[in-house]
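What the coordinates show
Here's the letter readout for the chains.
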Amino acid sequence: MVGFTPEKERNLTPIDYGIAGAVSGAVTRALVQPLDVLKIRFQLQVEPVKRTVTDGKYHSVLQGFKTIYQEEGASALWKGHVPAQILSVLYGVVQFTTFEYLTKHAYSSLPSQMKTEKAKPVYHFFCGGLAGSAATLVVQPMDVLRTRLIAQGEPKTYTGTTQAIRLMYKEAGLRTFYKGLLPTLLQLFPYAGFQFGFYALFNSMWKYTIPKPKVDKQVTGRHKTVISQAFVCGALSGLCAKAAIYPLDMLKKRLQVQGFEEARKSFGKVQHYKGLRHCIVAVIREEGLVGFYKGLAPSLLKAVSAAAIIFTSYEITCDILDASKR
């Protein structure tokens, strides 16, 4: 079970939780990167993302994948994968290590009425939000870098990760790597909080509604139980969390590519934003409220897939590490 549970406490150290977080982050990123590329392309397009509107470059999920493949090749679906993979591994390490630490210490400090199964989603929300925020501060430079690499069209402004880092530093120093930090934190705290909170909630619902199968005490038997429960509960938590905070994710991506207009011209209209408030006003004025939900379809696909994979792989890795010490 993700988070401290006294009756199911594992014999794991913070290093073990970090390893499990790194494995889950790496596996998830490798599998969902194409959806992330398409989501970011949709978010950065000012024109409506609709089949009936042809002003913009992308009109639908299938058309978007087809266009990227035809114009840039299959490898374009993994654009920015190196910094994204580093980001995912670091994020997984910091997030899960911090979350396990916070839930363990929070549990010991909570009044008895808050130590029930019903209250778990509440304090998991706050611990998850804090863990996600801590991880975000560590990986924000890599997130900005991968967004730039994914966002560029042809001809490319950046030919590789090293060159991109050098040119971005020349642009505005270290500040370039922290563009969009405010909307990122505003987005990540509730998103990570909802993800862990909903995961605890759906696990509780699973516990009371799904009959517990008879399994042996061997690791393989435990894994069969973990996989089905973690996968379904993880997928549902990802869906609910992403739907709740999606507009902030879109604003974050728009702000991260400011100062990068030249490489965006081939994708359609380029908009310049002075800050978060100006970005919100401009989106409402030019694109309407629907503009905040551009890229929602691939984003939900990615969120559901990613959450299912990351929680499942984390639970399995923790079980394997725990079993190796018994």
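Residues numbered from 1 in each chain as written. Predicted model: local features only at pLDDT ≥ 70, side-chain atom pairs only at ≥ 80, totals over all residues. Heavy atoms only, no water.

1. Some details on the environment of Lys156
Where we set the bar: Comment: elements are numbered from the N terminus, with helices defined as DSSP H or I runs of at least four residues and strands as E runs of at least two.
Within the secondary structure, Lys156 is located in the loop between α4 (120-151) and α5 (161-172). A C-alpha to C-alpha distance of 22 Å links Lys156 and Gly180, two positions 24 residues apart in sequence.

2. Structural notes on the packing of helix α1 (residues 14-44) against α4
Stated formally: Axis lines are fitted to C-alpha atoms, over the contacting stretch for helices. Their N-to-C directions set the angle, which ranges from 0 to 180 degrees. Note on angle classes: values under 35 degrees are labelled roughly parallel, values over 145 roughly antiparallel, values of 65 to 115 roughly perpendicular, and the remainder oblique. Here a residue-residue contact requires only that any non-hydrogen atoms of the pair lie within 4.5 Å. Side-chain classes are defined by residue name, with Ala, Val, Leu, Ile, Met, Phe, Trp, Tyr, Cys and Pro counting as nonpolar, Asp, Glu, Lys and Arg as charged, and the others, Gly among them, as polar.
Between α1 and α4, the least distance of the axes is 10 Å, while the angle of their chain directions is 70°. In terms of orientation, α1 lies roughly perpendicular with respect to α4. Contacts between α1 and α4 involve Arg29, Gln33, Asp36, Val37, Ile40, Arg41 and Leu44 from the first element and Arg146, Thr147, Ile150 and Ala151 from the second. Grouping the constituent residues of the contact of α1 with α4 by class yields five nonpolar, two polar and four charged.

3. Remarks on the environment of Ser305
The condition that has to hold: Only protein chains enter the accessibility calculation, which uses a 1.4 Å probe. A residue is then buried if its area is under 20% of the maximum for its type, exposed if over 50%, and partly exposed in between.
Tracing the chain through its elements places Ser305 in helix α9 (residues 296-324). When its relative accessible area of 28% is taken as the criterion, Ser305 is described as partly exposed. Sequence spacing of Ser305 and Ser24 is 281 residues, and the spatial spacing of their C-alpha atoms is 12 Å. The residues contacting Ser305, other than those within four sequence positions of it, are Val32 and Leu35.

4. As for the packing of α1 against helix α3 (residues 81-109)
Our working rule: For any pair of crossing helices, the crossing counts as left-handed if the nearer helix is rotated counterclockwise from the farther one by less than a right angle, and right-handed if it is rotated clockwise.
As a packed pair, α1 and α3 sit with axes 7 Å apart at the nearest point and diverge in direction by 145°. Here α1 and α3 pass one another in a crossing that is right-handed. Residues Pro14, Tyr17, Gly18, Gly21, Ala22, Ser24, Gly25, Ala26, Arg29, Ala30 and Gln33 of α1 touch α3, and the partners they reach there are His81, Ala84, Gln85, Ser88, Val89, Gly92, Val93, Phe96, Thr97 and Glu100. The class makeup of the residues in the contact of α1 with α3 is nine nonpolar, ten polar and two charged.

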